[in-house]
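Reading the structure
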Amino acid sequence: ELQFSAQLNCATELLDRWVEQGQGDRPCVRGAKLQWTYAQLQAEANRIAHVLVDEMGVVPGNRVLLRGSNTPQMAACWFAVIKAGAIAVATMPLLRAKELGQVISKAEVSHALCDANLAEEMQLAQAQCAGLKQMLFFRSEAADGLEARAAAKPVQFTNVNTASDDVALIAFTSGTTGAPKGTMHFHRDVMAICRCWPVHCLKPVAEDIFIGSPPLAFTFGLGGLLLFPMSVGASTVLLEKASPDALLAAIAQYKATVCFTAPTSYRAMAPQLGKADLTSLRKCVSAGEALPAATRKLWKDATGIELIDGIGATELLHIFISHDEAGARHGATGKPVPGYRACVLDEEGQVLPAGQVGRLAVKGPTGCRYLADERQRGYVLNGWNLTGDAYLQDEDGYFVYQARTDDMIISGGYNIAGPEVESALLAHPTVAECGVVGVPDEERGQIVKAFVVLREGFVGDAELVKTLQDFVKASIAPYKYPRALEFRATLPRTETGKLQRFRLKQSS
Ligand code: 3UK
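Residues numbered from 1 in each chain as written. Predicted model: local features only at pLDDT ≥ 70, side-chain atom pairs only at ≥ 80, totals over all residues.

1. Notes on the overall build of the protein chain
Helix and strand counts for the protein chain stand at 16 helices and 25 strands. A compact globule built from 508 residues would reach a C-alpha radius of gyration of about 23 Å, and the protein chain, at 23 Å, matches this within 12%. The C-alpha extent of the protein chain, read off along each of the three principal axes, is 70 × 50 × 45 Å. Counting across all 508 residues of the protein chain, residues that qualify as buried make up 51%. (Helix = DSSP H or I, 4+ residues; strand = E, 2+ residues; numbered from the N terminus. Rg over C-alpha atoms; globule rule 2.2 N^0.38 Å. Buried ≥ 20, exposed ≤ 12 C-beta atoms within 10 Å, placed from the backbone.)

2. Section: the sheet that holds strand S12 (residues 283-286)
Overall, mixed pairing links the 9 strands, which are arranged S2-S1-S10-S9-S11-S12-S13-S14-S15 in an open sheet. The open sheet has two edge strands with one neighbour each: strand S2 (35-37) and strand S15 (335-336). Sheet topology places strand S13 (residues 308-312) next to strand S14 (residues 319-322); 3 bridges connect them, and they run antiparallel. Among the inter-strand pairings, Gly 310 is bridged to a residue of S14, identified as Ser 322. Lying over the sheet, helix H9 (residues 219-231) contacts strand S9 (209-212), strand S10 (235-237), strand S11 (258-261), S12 and S13, oriented at roughly 165 degrees with respect to S9. (Pairing = 2+ DSSP bridges. Contact = placed C-beta atoms within 7 Å. Axes fitted to C-alpha atoms, helices over the stretch in contact; angles between N-to-C directions.)

3. Regarding the confidence of the model for the protein chain
Low pLDDT marks stretches whose predicted atomic positions should not be read closely. Scored by pLDDT, the protein chain comes out at a mean of 94, with 97% of its residues at no less than 70. As a predicted assembly, this complex carries a pTM of 0.95 together with an ipTM value of 0.99. (pLDDT = per-residue confidence, 0-100.)

4. Quick look at unusual backbone geometry
Located in the positive-phi region is Glu 108, a residue other than glycine, with phi close to 50 degrees. The residue Lys 203 is not glycine, and still its phi comes out positive at about 55 degrees. Locating Lys 203 in the fold gives a position in the loop between helix H8 (197-202) and S9.

5. Quick notes on the packing of helix H2 (residues 38-55) against helix H3 (residues 72-83)
As a packed pair, H2 and H3 sit with axes 8 Å apart at the nearest point and diverge in direction by 55 degrees. One way to sum up the angle between H2 and H3 is to call them oblique. Remark: the crossing between H2 and H3 carries right-handed chirality. Every residue of H3 that contacts H2 at Leu 41, Glu 44, Ala 45, Asn 46, Ile 48, Ala 49 and Leu 52 is listed here: Ala 75, Ala 76, Cys 77, Phe 79, Ala 80, Val 81 and Lys 83. (Parallel < 35°, antiparallel > 145°, perpendicular 65-115°, else oblique. Left-handed = near helix turned anticlockwise from the far one by under 90°.)

6. Concerning the domain arrangement of the protein chain
Once the domains are mapped, the protein chain shows domain 1 (10-195), domain 2 (209-404) and domain 3 (408-506). Summarising the inter-unit geometry, the C-alpha centres of domain 2 and domain 3 are found 23 Å apart. Taken together, the contacts link 18 residues of domain 2 with 16 residues of domain 3. The set of elements that each furnish at least two residues to the side of domain 2 that touches domain 3 consists of helix H11 (263-269), helix H12 (293-303) and strand S20 (399-404). Broken down by class, the residue content of the side of domain 2 that touches domain 3 amounts to 11 nonpolar, 5 polar and 2 charged. (Domains from an automatic or database assignment. Nonpolar A, V, L, I, M, F, W, Y, C, P; charged D, E, K, R; others polar.)

7. Points about the pairing of strand S3 (residues 63-67)
Look at any regular strand and the pattern is simple: side chains alternate between the two faces of the sheet. Burial analysis of S3 places 5 of its 5 residues in the buried class, which makes it a mostly covered element. Side chains Arg 63, Leu 65 and Arg 67 project from S3 onto one buried face, and the interleaved Val 64 and Leu 66 project onto a second face that is buried too. What joins S3 to strand S4 (residues 87-91) is H3, and the crossover it makes is right-handed. Summarising the sheet, S3 and strand S5 (residues 109-115) pair through 5 bridges and their orientation is parallel. Bridge pairing in S5 links Leu 65 to Ala 112. (Right-handed = clockwise from strand over helix to strand, strands pointing away.)

8. Topic: the site of the ligand
The ligand sits among 24 residues. The nearest are Phe 220, Ala 287, Ile 311, Gly 312 and Thr 314. Mapped onto the shell around the ligand, the elements with two or more residues apiece are H9, S13, strand S19 (384-393) and S20. Of all the elements, S13 adds the most residues to the shell around the ligand, at 4 residues. In terms of residue class, the shell around the ligand is made up of 8 nonpolar, 12 polar and 4 charged. (Near = placed C-beta within 6 Å.)

9. A word on the packing of helix H14 (residues 418-426) against helix H15 (residues 462-475)
Orientation of H14 relative to H15, taken along the N-to-C sense of each, is 110 degrees, at an axis distance of 9 Å. Classified by the angle their axes make, H14 and H15 are roughly perpendicular. The two elements H14 and H15 meet at a crossing, and its hand is right-handed. Seen from H14, the contacting residues are Val 421, Ala 424 and Leu 425; seen from H15, they are Leu 468, Val 472 and Ser 475. Broken down by class, the residue content of the contact of H14 with H15 amounts to 5 nonpolar, 1 polar and no charged.

10. Some points on the environment of Leu 66
Following the sequence through the fold, Leu 66 ends up in strand S3. Taking the C-alpha atoms as reference points, Leu 66 and Leu 216, separated by 150 residues in sequence, lie 9.9 Å from one another. Sequence-distant contacts of Leu 66, defined by excluding residues within four places in its chain, comprise Met 74, Cys 77, Trp 78, Val 81, Ala 88, Val 89, Ala 90, Thr 91 and Leu 113.

Okay, structure coming up:
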């Protein structure tokens, strides 16, 4: 059982307790070039915590920016910041100087630890941000790099005491539109997510080897690839590059048992399975965007594994509606994770009956605390978080995703959810990926337009357009079919695997 102490630095228990219990020799984290046990990760984190406190002058409550791809060193830095009583502000590897500057000023970042491979944009950002006082680089050979300084420090560190409701991390939403928004999470939130979804839906064991693609700066990755494996004493593989091909090869190489990635990555891996031995794999988790029934079936047919879908959000730290393998239902996200409640509300905030589409509201042990107040007022009502998703709850209590509320297509008086049309298209054997949006139309207000990426070997011509349109009409209400359909080589996606619908709209 995880302790839940009010006084101690509780998030560090995920790491320290294994060493205290004499299990420090268990494998903990590995990357391409190195492999650490729990005791070794603890020693690295402790040494870095000394550098933060003794040399960089970090005091409790300071916000420390972390920037790096997924590596064991990045994990050590994360725990070092927490151990020092500071607040981790992890940033997505692809952010540019301008976006980093926004994060630094919004989160009032005073210190930074940055992977030497990602130094350039960070140095540009620092030049514009007076508040950022000190920065060190890790995975650097330099004599004044983080490793060189840490090597001279003791391996023991007395964790700085924090309260369970002290802020442990500030996570920025991936922002499919607009500027990044920061959300704060307490030490107890870190513990709460370890005790909710993994225990009831994933059910990992100490022998599991976790792997996946989401960056540690994305809370899906932080939980799935660091906190959850450590909460059960399992091990994790951190990949710097996790394209579908690289992920597939790494699953085979490391004999991974639990995989976390987005639906688009499962779709890309499925046809390639002949290339890798996936017999080690036992559980696969999909999150970040809706999992179409066709993708669930594709993966099940290819591997025999029932995907575990879950909707999570940066605002709520991790997954709050999901299921275990036995509870999987085609086309539904699942039911509220024990500890959370969820309902579907109308425009006035009244709970809607089964079958009706409205706004998803969620309440649970983790909640949304935006850095900016005006956001908080619009998105949190009486402790209920409005996620910005349109959902319905079916007669059996399953929550069925429709679309982001601002992505609903209104065409000729009908409300049409793009993801439902995408699901229908994905069931066709020629379709590898697709995105469906509403585009302006004089007569109908909007029309449904599909952007389709074909599987290898197929040619997008007028005949195939017609075939796909007829295919959609035959599987869902005909008025939802895409009146416009364009073939594309790729679709615009965020670093977290989300389709950027606004860019599709702009480009048509
Ligand atoms: C969408 C989904 C349907 C949905 C996240 C797992 O994605 C995560 O956080 P973000 O803040 O985005 C949140 C929004 O993404 N979404 C995520 N998962 C699903 N829609 N089905 C899903 N399974 O619009 C939600 O509001 O980037 C996911 C764990 C931690 C996370 N932060």
